[in-house]
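# Fold and contact review
Here is how the chains run, residue by residue.
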Amino acid sequence: MTEAETKTADLIASAAEATAGTVRSEAVATRQMIASPVTEAAADIGVIGLAVMGENLILNMASRGYTVAAFNRTASRVDEFVAGRARGLTILGADDLPTFISLLKSPRKVMLMVKAGPPVDAFIDMLAPLLERGDIIIDGGNTHFPDTVRRERALAEHGILFVGAGVSGGEEGALTGPSIMPGGNPAAWPALKPIFQGIAAQVNGQPCCDWVGEGGAGHFVKMVHNGIEYADMQMIAEAYSLLSDVLGLSAPEIGAIFEEWNRGELDSYLIEITAEILQKTDDETGQPMVDVILDTAGQKGTGKWTSVTALDVGAPANTIAEAVFARILSSLKDQRVEASRVLHGPEDVGDKPDQTAFVEQVRQALYASKICSYAQGFQMMELAAAEYGWTLDFGSIAQMWRGGCIIRAAFLDRIKAAFDENAALPNLLLDAYFTEAIGTSQQAWRQVVAAAALRGVWTPAFSSSLAYYDGYRSARLSANILQAQRDYFGAHTYERTDRPRGEFFHTNWTGRGGSTSSSTYNA
Ligand code: 2AM
């Protein structure tokens, strides 16, 4: 910080102190009075949106020595923030957008931390006339990437550089170091890099933030992160369910097992918090918390976006989609309760397996399933990059997810190493480390999925990961039958095993259809 900036901070801090506890109008008057002589472009960046993520990001930026301007639609929040959490820090509140903009150094950097959707467009419309060519708008919300593509193009026509940055890590991450995935207009990156990499989580001496790519690439990668998160969470829930239903272990006992798992190759934030969750007691009943929590899961839609996009780009992300369907099925609670009275599971489930052996098998099944869902996520990113014209660095994406975000996990180091070694790796399963890891665990994994099927325990993510693995490793699948069926009823043609690819044949299967084939062949 320069001396002038320090002075600004001091002035603002004393203004905030002076106005603390007073009514808003007084606070505003005092702040504007004190702030006006120093409003000349003192702030390194401005943030709009003072919900908890926005506030925490601002506090994080200020803690790294940046001066931050703050604005919010409801101005009283600015006053509360400046007089409260931001007191004494290099944070400048503004009550209207022109003042807010006047606080920013050039090129102006405005980060939107507002609700995704129409509020982002509304702010862009208000900001654009106040900005100059070369200024930067960043959307740090959970925006669907096609919106980012559209906004980046529209603003580029006016010379404004637009960036869609996925931010993961929740409230705590935003405050102490999130994972940040910025993409959009690359001309914005040099100005943003020091700030974003400075406030991001750091792992192995590297920031969990780097330039992702053009257009909607940043928000796209954040979306896939969330899809993988859905799968990770579902698999952990299935491991819990197996240990509970098959072995009859209590929640705290399973929590202790997860704690142990967190010391090995499953070391991750989600395993860590689940271990804690399982060992928490409900104050009211004295029972484990998880036993009094209703078994219906909500969702905000990012898993669904990932699954729909996987279908759009032709990526077999079946475990991720299965995790979304699992939440949907869980939400049909009343129907499930009714159905449970009529639809029976297997009667004879045999003896309980050996506890130590089964726990280890479930651990390996979880690890193998997890490898498959990450393989799907990265494969999907490769297919999407080709479709949307992005150049994605998958080693760098693994590093961005290594810390700060919800799916942070030690094994992302391995994923980074795999893509650093071979940037064009078509599938994570083909990397020597993961080929061996999944090979070693597959027997246990198959036993767990078989045991779950025989005992009627619901394990959709474990099973669909295994289906992905068995499908992907098969040189010959049963799709010959599908293509024959398509040719039979729709004359869709087929290729032959004994002829070069690209030659199409039609058979008159019934003797009635003639030899006219359908003009479109969709492999
Ligand atoms: P608010 O405090 O005025 O509600 C998260 O909800 C953030 O998005 C808040 O800063 C909130 O501002 C902002 N926000 C939500 N809906 C908005 C809208 N329609 N227009 C502008 N800001 C909005």
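Anyway, here's the lowdown on the structure attached to this text. Here the residue numbering is sequential within each chain, running from 1 through the sequence in written order. Local features in this predicted model are restricted to residues of pLDDT 70 or higher, and side-chain atom pairs are both shown and tallied only at a pLDDT of 80 or more, whereas totals for entire chains, interfaces and linings draw on every residue. Side-chain metrics rest on all non-hydrogen atoms present in the structure, leaving aside hydrogens and water.

Here Ser474 shows up in the loop between helix H21 (460-472) and helix H22 (479-490). On the basis of relative accessible area, Ser474 is assigned to the partly exposed category, the value being 28%. When the C-alpha atoms of Ser474 and Arg153 are compared, they prove to be 42 Å apart, with 321 residues separating the residues in sequence. In this description a helix means any DSSP run of H or I spanning at least four residues, a strand means any run of E spanning at least two, and both kinds are numbered starting from the N terminus. When accessible area is computed with a 1.4 Å probe and restricted to protein chains, residues below 20% of their type maximum are described as buried, those above 50% as exposed, and intermediate ones as partly exposed.

The next point concerns unusual backbone geometry. The omega angle of the peptide bond from Ser106 to Pro107 is -5 degrees, so this bond is cis rather than trans. Positionally, Pro107 belongs in the loop between helix H5 (97-102) and strand E4 (109-112). In this model, Ala491 sits at a positive phi of 50 degrees, which is unusual for a non-glycine residue. For Ala491, the location among the structural elements is in the segment after H22.

So, on to the site of the ligand. Taken together, Gly49, Leu50, Ala51, Asn72, Arg73, Thr74, Arg77, Met113, Val114, Lys115, Pro119 and Phe123 make up all the residues around the ligand. Here Leu50 contributes a backbone N or O atom positioned 3.3 Å from an oxygen atom of the ligand. Separating an oxygen atom of the ligand from a backbone N or O atom of Lys115 is a distance of 3.2 Å. Using a 1.4 Å probe, accessible areas were evaluated by the Shrake-Rupley method; residue-level cover was limited to the displayed protein chains. Contact with the protein chains hides 76% of the accessible area of the ligand, taken as 480 Å² for the molecule alone. Each residue gets one label: Ala, Val, Leu, Ile, Met, Phe, Trp, Tyr, Cys and Pro are nonpolar, Asp, Glu, Lys and Arg are charged, and the others, such as Gly, are polar. Looking at the shell around the ligand residue by residue, the class counts come to six nonpolar, three polar and three charged. In this text, near means that some heavy atom of the residue lies within 4 Å of the molecule or strand in question. N or O atoms within 3.5 Å of each other form a polar contact, as long as, within protein, one can give a hydrogen and the other can take it, and as long as residues adjacent in sequence are counted only when both atoms are side-chain atoms.

Below, the discussion takes up the sheet that holds strand E7 (residues 179-184). In spatial order, the strands read E3-E2-E1-E4-E5-E6-E7-E10; together these eight strands make up an open sheet with mixed pairing. Lying at the two open borders of the sheet, with one neighbouring strand each, are strand E3 (91-93) and strand E10 (213-214). Note on pairing: two strands pair once DSSP finds at least 2 bridges between them. Bridge count between E4 and strand E5 (residues 136-139): four bridges; the pairing is parallel. Within E5, the residue paired with Leu112 across the bridge is Asp139.

The subject of this paragraph is the nonpolar core. Only buried residues count toward a nonpolar core. Its members are Ala, Val, Leu, Ile, Met, Phe, Trp, Tyr and Cys residues joined through side-chain atoms within 4.5 Å. Counting 86 residues, the largest nonpolar core has Leu243, Phe258 and Trp401 as its most contacted members. Ranked by residues supplied to this core, first place goes to helix H17 (residues 355-388) with 16 residues. Ile58, Ala70, Met113 and Val167 belong to the second largest nonpolar core, which has 35 residues in total.

Attention shifts here to the packing of aromatic side chains. Only Phe, Tyr and Trp rings take part, Trp by its six-membered ring, and two of them pair if their centres are within 6.5 Å. Stacked means planes under 30 degrees apart, edge-to-face means over 60, and tilted covers everything else. Using the criterion set out here, one finds 22 aromatic pairs in the structure. Ring centres of Phe258 and Trp261 lie 5.0 Å apart, and the angle between their planes is 25 degrees; this geometry places the pair in the stacked category. Placement of both Phe258 and Trp261 in helix H11 (residues 251-261) is noted, with a separation of three residues, approximately one turn of the helix. For Phe258, a relative accessible area of 0% gives the class buried. You can call Trp261 buried: its relative accessible area is 6%.

Below, the discussion takes up helix H19 (residues 412-421). Count 3.6 residues to each turn of an α-helix, and residues three or four apart come out pointing the same way. Along H19, the positions that sit buried rather than exposed are Leu412, Ile415, Ala418 and Phe419. The arc enclosing the buried residues of H19, seen along the axis, measures out at 115 degrees, which places them on a common side. Any two residues whose heavy atoms approach within 4.5 Å at even a single point are treated as in contact. The inward-facing, buried residues of H19 abut H17, helix H18 (394-400) and helix H20 (432-455). Relevant arc is that of directions from the helix axis to the C-beta atoms, nothing else.

A few words on the packing of helix H14 (residues 302-313) against helix H15 (residues 318-331). To get an axis, fit a line to the C-alpha atoms, keeping to the stretch in contact for a helix; angles then go from 0 to 180 degrees between the N-to-C directions. Packing of H14 against H15 brings their axes to within 9 Å, and their N-to-C directions diverge by 140 degrees. When the axis of H14 is compared with that of H15, the two are oblique. Crossing of H14 against H15: the hand is left-handed. On H15, the residues touching Gly303, Lys304, Thr306 and Ser307 of H14 are Ile320, Ala321 and Val324. Split into classes, the residues belonging to the contact of H14 with H15 amount to three nonpolar, three polar and one charged. Note that the term roughly parallel is reserved for angles under 35 degrees, roughly antiparallel for angles over 145, roughly perpendicular for angles of 65 to 115, and oblique for everything else. Each helix crossing is assigned a hand: it is left-handed if the near helix lies turned anticlockwise from the far helix by less than a right angle, otherwise right-handed if that turn is clockwise.

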